[in-house]
Structure formats: C-alpha cells, structure tokens
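Tertiary structure, described
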Amino acid sequence: SVASVTDTVSVTLNGVGASKTAMSSLNINGVETVNITSATAANFLTLEDAAYTGVTVAGDQNLRIDVKDTGVTSFDASTATGDLHVDLADITLANLTSVKGGAGSSDTLVIDEAVTVDKTPTNTLSKVSGFETLAVEGTTAITLSTDTAGINDFDFTDAGNQTLTLNSGFEGAVSVSIKGDSTNADVISNSANVALTVTANAADLDGTITGGTGADTLNVTADGGTRTVASTITNVDTIKIVAATDP
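Residues numbered from 1 in each chain as written. Predicted model: local features only at pLDDT ≥ 70, side-chain atom pairs only at ≥ 80, totals over all residues. Heavy atoms only, no water.

Concerning the sheet that holds strand E22 (residues 233-234)
As a reminder, the rule being used: By this definition, two strands are paired if DSSP reports at least two bridges between them. Only DSSP runs of H or I with at least four residues qualify as helices, and only runs of E with at least two residues qualify as strands; both kinds are numbered from the N terminus onward.
If you trace the six strands from one edge of the open sheet to the other, you get E11-E14-E16-E18-E20-E22, paired in parallel fashion. In this open sheet, the two strands that pair with only one neighbour each are strand E11 (115-117) and E22. Bridge analysis of E11 against strand E14 (residues 141-144) gives three bridges, and the strand direction is parallel. Its bridge partner lying in E14, Val117 is registered against Leu144.

A look at the pairing of strand E6 (residues 63-67)
What counts, and what does not: Think of it in three bands: residues with accessible area under 20% of the maximum for their type are buried, residues over 50% are exposed, and the middle band is partly exposed, with areas taken using a 1.4 Å probe on protein chains only.
The element E6 is extensively covered by neighbouring structure, given that four of its five residues are classed as buried. Here four bridges tie E6 to strand E8 (residues 84-87), and the two strands are oriented parallel to one another. By the bridge assignment for E8, Leu63 is matched with Leu84.

Brief notes about the environment of Ser189
Selection rule: Contacts between residues were defined by any pair of non-hydrogen atoms, one from each residue, lying within 4.5 Å.
Mapped onto the elements, Ser189 comes out in strand E18 (residues 187-190). Between the C-alpha atom of Ser189 and that of Thr234, which follows or precedes it by 45 residues, the distance is 9.8 Å. Other than its neighbours up to four places away in sequence, Ser189 contacts Leu164, Thr165, Leu166 and Thr210.

A short note on the pattern of salt bridges
Put simply, the rule is: We define a salt bridge as a side-chain nitrogen of Lys or Arg found within 4 Å of a carboxyl oxygen belonging to Asp or Glu.
Evaluated as defined, the whole model comprises two salt bridges. A salt bridge links Asp66 to Lys68; the shortest N-O distance between them is 3.4 Å. Classification of Asp66 by relative accessible area gives buried; the value is 12%. For Lys68, a relative accessible area of 30% translates into the label partly exposed. With its nearest N and O atoms 3.3 Å apart, the salt bridge here joins Asp90 to Lys68. Highlighted residues: Asp90 in the loop between E8 and strand E9 (98-100) and Lys68 in the loop between E6 and strand E7 (74-76), separated in sequence by 22 residues. Within the structure, one salt-bridge network assembled from shared partners comprises Asp66, Lys68 and Asp90.

Following this line, the structure appears as structure tokens:
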C-alpha cells in the first residue's frame, strides 16, 4: 500500500496589507494545509481559492484574513494571541469540522448564512469556538434559544436585512452594532429578556428593535441623519445620543 502524503506550507506575515480595503493576496496551490503566522505588525490577507483544506494561524499580531477556498474543512487559530477577524463567508458552515478562534478576547468570525442555536438540538455553530463576535453578511437570520455557542456580540454593519432573534433560554448580555448600515432594515428582537445594547447611527434606524424586560439600551450617534423611531423601537429603556467625532 502507498501512504498518503499531506503537503503543508508555512508563511510568516510581517505587516502585509494596509487595511481591510487594501488587503494583500496569497495564492498557494498543491498543498493541503496552510500555516499562517502573523508577526511584526498587523496583517491584512486574502487567502485565495486553491485546493487547500486546512488553515492554521499563530502569532501575536492582529490579523484580518479572508479565506476564499470553499473546500476548507478546518480553521485553527487557537495559539494566536493577536486580535483576529476571520472571514469564512465563502464556506458553508456544515462542511467545516472545526473552527477555532484565538487566545485573545476580541476575535470576530464572518459568515454568510442563517444560524440557529436551540435545544432540539440544532446548532449551526456547533463546530465553532473561541470567537467573541459573529459578523454576518447578506440577508441573514440569527436565531438563538441557548448560549451554547458562546458568542454574545453581533456585527450587523454589512449590507443586507439581518435579523437577530433572542428567544427564551438564551442567557448573557448581548451587544449588536448596526452602525453604517443605513440602507437596510435590520430587525432585533429580545424575547430572552437579557441585557441588550444596540449601537447605530441615526440614519441606520430603518429597521425594528424590540427590547425585553431586561435593560435595553440604544446608543445613537448624531450623524446628521433624521429618523422617526416611535413606531419601530419598542421596550427600550434607554436611548443615548452620542456626539459624532471625526474619523
């Protein structure tokens, strides 16, 4: 018999890319596993579509990585200590056997599909661990009836009508940012009655926010927009107007 061989390539990033809108690109063919080390300074990388199936990340510098290969089945950043922003939106969650965030306290996972976490058990995020924030793209619904996924912060700033439904059984304070999503009608419903904080610009409040019996807070940046919210924001205890600041 002939033993199969797994090819691996290791790449150290030393301050590549400039920002989330000026990412560096890496195209690697003929390997199964790509090992990335984020060193020296913050790195911004698009890992282009190829035939690799596994990605690992290490290092102590912040990393924004966009994984384009739809055949990836595992992502492991468990030893990384910098802040991570991991975009797996091109990959179907059901095809992933393991997705591990880093050892830091501010890691974000980006997806583009509906999520349900309940007690039936249905858990779209069952293979996901080590991330603090879930960012969603497109028209996506997130429905949570338990907090077994371990994620309590949500980024709804991408274009598309995103929905967050917190049902009875979900526990823990939740924060949601819809800041900059001024053309879409995001919906947030807090039937779990947990502490909820929503952050938005005035122009972003074209959807609905329904608070619960817990402490619900809306932080609104005065961006010069005008919005009437009496009929679209209900059961919110506190609305704070925050002065706009220069970028």
